[in-house]
Amino acid sequence: MAGDDLVVDHLSVVFRSRTGTHAAVRDASFRVGAGRMVGLVGESGSGKTATGLALLGLHDPATTTIGGGARFGDTDLLHLSPAAADRLRGSLVGMIFQDPMTALNPLLTIGTQVTETIRVHEGLDRRSARDKAIDVLARVGMPDPAGRYRRYPHELSGGLRQRAMIAAAIACRPRLLVADEPTTALDLTIQAQILRLLRTLCDDEGMSVLLITHDLGAVGAVCDDVVTMYAGEVVEIGPTARVLDRPSHPYTSRLMAARPRVDGWGEQLDVIPGRVPSPSASPEGCLFRPRCREAREECAGPQELVALGPDRSVRCVRASDPRDSVVVAGAGVR
Amino acid sequence: MTTTVDTVTAPATPRAEGLRRALGRWRHEEKAALVAVGVLVVLVLVAVFAPLIAPHDPNAQSIADRLATPSATHPLGTDDLGRDVLSRLLYGARASLVASVLAMAVAVLVGLPLGLAAGFAGGIVDIVLRRVLDTVLAFPAIVLAIGVTGVVGPGLVTSMCAIGIVFAPSVARLIRGQTLSTRERLYVPAAVTYGSHPLRVAVRHVLPNAVAPVVIQMSLLMSTALLAEASLSFLGLGVQPPTASWGSMLGQAYGYMSQAPTQVFAPGLAIVLTAYCFIAVGDALRRELDPRQQTF
């Protein structure tokens, strides 16, 4: 299993349209170690989902140009023939989606959809595929898996549907699971259950998980590492505990300060003013500069992702400057 | 949660239960459609069992009795060659219904795959297919059917296939539009992430979710095809004598309008009634299946 790392190397995703090109992801590099769970965080429009879709080759080549590289172990994920891509999806790389209400086909039973992955990849006959699917449903914590196998999606609650979705994605034990905001559409207690389930899959089966989310609380609870994206760029990478305790990029710290908190009753929520610049109208230099409280002259120049240590890097001029220390009050997540 | 109870009491096939519930609702809300379904069922039975229930041989001529008014032996009278109109009407149901089903089937078999391909593949495939379909759509159905029969000779099968080809673009356009919107549902890329081949995704995940309006269209096409068959046979391009169809009976009766004006009523009413039944069923299906009119 050693060496089964996801290595994303200078990945770019550019959407082409009649009005021009829009870079949704630019020059993104990060790594998901084997059996690790990595949180990919950022606001809407920061390129998280575009990154996840690129890893599974789900962008339409007619409208999207993908540059750079993404490898999982020995497998190049970006330059695959359509047939090879079909073989890998579901068996090497799986994906779960934000909204379990719409990510399951309403006309097929839960069982049929979980079995689909198994039948496509393992060519089992109906009976053994069924037994295996019920096993998988049990593994994702579906109560009464044999009964639920025959149910239609509309007969299940949101949490159970998300479990069914996860079951379909992991039925053939992919080595990498891309989870695109898997908990956003669920209520809080169910969110915790689903996150715990993903963590368990990661620990027990050595599956690598890329958790795409804007919920730093979720990241703090289950992820080993954090990758922060802003406007299509990776701005900070590091181990969860250290990044959340002492964020090095002002955007990460502002994201954390902007979380609503239970004990913050009556306080003004510290929102980040402005919005993510559109890919076609990005500012010069640091992309976060117009919204950053700490912006200074050097920020107008080009920014590089600078290594702060063996497993930590950041794209901010202030981070490598020992005189500065970005400390935001109450930034710790746990 | 009631789910554990459900597992015990719920029927094994939720689909069958849904159908039963829909029929129960139709009994109150769609009485006309239920009657129409009943008429159509009777019609199919009549067509199938015509040899058993017809009082006479539909092709047996009796020139002496020609153009007779209704009587005990000939409940609907006789035509210009002295053949029993009732028997010809019963046998004619066969030709007319088979012709309608044929044209509808050709339209769906040609239109459905083309529309699905255009909508699912998009790009150049879509552009080319749409131009071809628009070209076919520009043909008046009857004109193309006349052209085809002119080339291969008159006959019900060829002319109804031609009618079906002309109907195909309307099915294709419908399914293409449905495919375009269904393709954007999240379960389509989700099925791709299972590793399914695009063809499998299109047939298993897109088509069943896109097909409902086509079912409605099918029943409306049946009525249009029935009228097209009547027109073609009326013009002498459909069934060939002595075989009876409602259209050919109407055509012959038309020639004797001045001597026996009542002759046109039997085939004419049969055509109108059947076409109306198809439309009534189609309308009820639309109320049932159209998501925009769904009420909970």
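Calculation notes
Residues numbered from 1 in each chain as written. Chains lettered and ligands numbered in written order. Predicted model: local features only at pLDDT ≥ 70, side-chain atom pairs only at ≥ 80, totals over all residues. UniProt positions renumbered as here; feature names shortened; annotations may be inferred. Helix = DSSP H or I, 4+ residues; strand = E, 2+ residues; numbered from the N terminus. Contact = placed C-beta atoms within 7 Å. Nonpolar A, V, L, I, M, F, W, Y, C, P; charged D, E, K, R; others polar. Buried ≥ 20, exposed ≤ 12 C-beta atoms within 10 Å, placed from the backbone. Pairing = 2+ DSSP bridges.

### Quick look at the UniProt feature "transmembrane region" (unreviewed entry) in chain B
(1) Moving on: Per the UniProt record, the feature "transmembrane region" (unreviewed entry) sits at residues 32-54, 97-120, 132-150, 156-175, 206-228 and 264-285 of chain B.
(2) Moving on: With 95% helix and 0% strand, residues 264-285 of chain B has end C-alpha atoms that lie 32 Å from one another.

### Comments concerning the UniProt feature "domain: ABC transmembrane type-1" (unreviewed entry) in chain B
(1) Moving on: Taking the numbering used here, the UniProt-annotated feature "domain: ABC transmembrane type-1" (unreviewed entry) corresponds to residues 93-282 of chain B.
(2) Moving on: Between the C-alpha atoms that bound residues 93-282 of chain B there is a distance of 20 Å. The span itself is 82% helix and 0% strand.

### Examining the interface of chain A and chain B
(1) Moving on: Taken together, the contact between chain A and chain B spans 26 residues of the former and 18 residues of the latter.
(2) Moving on: Broken down by secondary-structure element, the contributors of at least two residues to the side of chain A that touches chain B are helix H2 (82-88), strand S6 (93-96), helix H3 (110-122) and helix H6 (158-170) of chain A.
(3) Moving on: Here the side of chain A that touches chain B gets four residues from one element, more than from any other, and that element is H3(A).
(4) Moving on: Here the side of chain A that touches chain B is composed, by residue class, of twelve nonpolar, eight polar and six charged.

### A short note on the environment of B:Val239
Residue and element names in this part refer to chain B.
(1) Moving on: Mapped onto the fold, Val 239 is located in the loop between helix H11 (212-234) and helix H12 (246-255).
(2) Moving on: Taking the C-alpha atoms as reference, Val 239 lies 37 Å from Asp 126; in sequence the two are 113 residues apart.
(3) Moving on: Not counting chain neighbours up to four residues away, the residues in contact with Val 239 comprise Ala 95, Leu 156, Ser 233, Ser 245 and Ser 248.

### Overview of the pairing of S6(A)
Residue and element names in this part refer to chain A.
(1) Moving on: The two faces of S6 match: Val 93 and Met 95 on one face and Gly 94 and Ile 96 on the other face are all buried.
(2) Moving on: Pairing between S6 and strand S7 (residues 176-180): four bridges, direction parallel. Considered in S7, the bridge of Ile 96 is made with Ala 179.

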